[in-house]
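Read off the chains here:
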Amino acid sequence: MAAQASGKPTDAATSEESSVVDAAPGSEDFEDTGMYELCAVLTHQGRAADAGHYVAWVKDKGASWFKYDDDKVSVHTEEDVKKLSGGGDWHMAYLLQYRRVRSLE
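Source: prediction; values computed, not measured.

A. The environment of S74, seen in detail. Position of S74 among the secondary structure elements: in strand β7 (residues 72–76). Along the backbone, S74 and W57 are 17 residues apart, and their C-alpha atoms lie at a distance of 9.5 Å. Setting aside residues no more than four positions away along its own chain, S74 makes contact with W65, F66 and K67. There is a polar contact of 2.9 Å between the side chain of S74 and the side chain of H76.

Quick look at the structure:
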């Protein structure tokens, strides 16, 4: 999942021309694409804001997502992360973290 700086989802991050890289800002080896990729989600599970449980979902450098639930870690797909819409006792996305997508030049 990727998003433009405007926040609109796009699939440009999956093209062969772009990749997620860790480079220092201003590095001349990479060109800023203006695209961002979702890399982590913090969810709240529960019916009330003052009670419940928090879980972290983190994407690795590939396509796998890891769910960190206290001392339990499990592997999930992007489709599982897309289902974090809340409702009743299900996980609701609470905090989203994105990383910049840059093209290799």
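There's plenty left to go through after this.
B. Spotlight on the packing of aromatic side chains. Applying the stated criterion to the full structure yields one aromatic pair. The interplanar angle of 65° and the centroid separation of 5.7 Å between the aromatic rings of Y54 and Y94 together place this pair among those described as edge-to-face. Residue Y54 is found in strand β5 (residues 53–59), and its partner Y94 is found in strand β8 (residues 91–104); the two are separated by 40 residues along the sequence. Using a relative accessible area of 40% as the deciding quantity, one classes Y54 as partly exposed.

Procedures and definitions
Residues numbered from 1 in each chain as written. Predicted model: local features only at pLDDT ≥ 70, side-chain atom pairs only at ≥ 80, totals over all residues. Heavy atoms only, no water. Helix = DSSP H or I, 4+ residues; strand = E, 2+ residues; numbered from the N terminus. Contact = heavy atoms within 4.5 Å. Polar contact = N/O pair within 3.5 Å; in protein donor to acceptor, adjacent residues only side chain to side chain. Phe/Tyr/Trp six-rings, centres within 6.5 Å; stacked < 30°, edge-to-face > 60°. Buried < 20%, exposed > 50% of the residue type's maximum accessible area, 1.4 Å probe, protein only.

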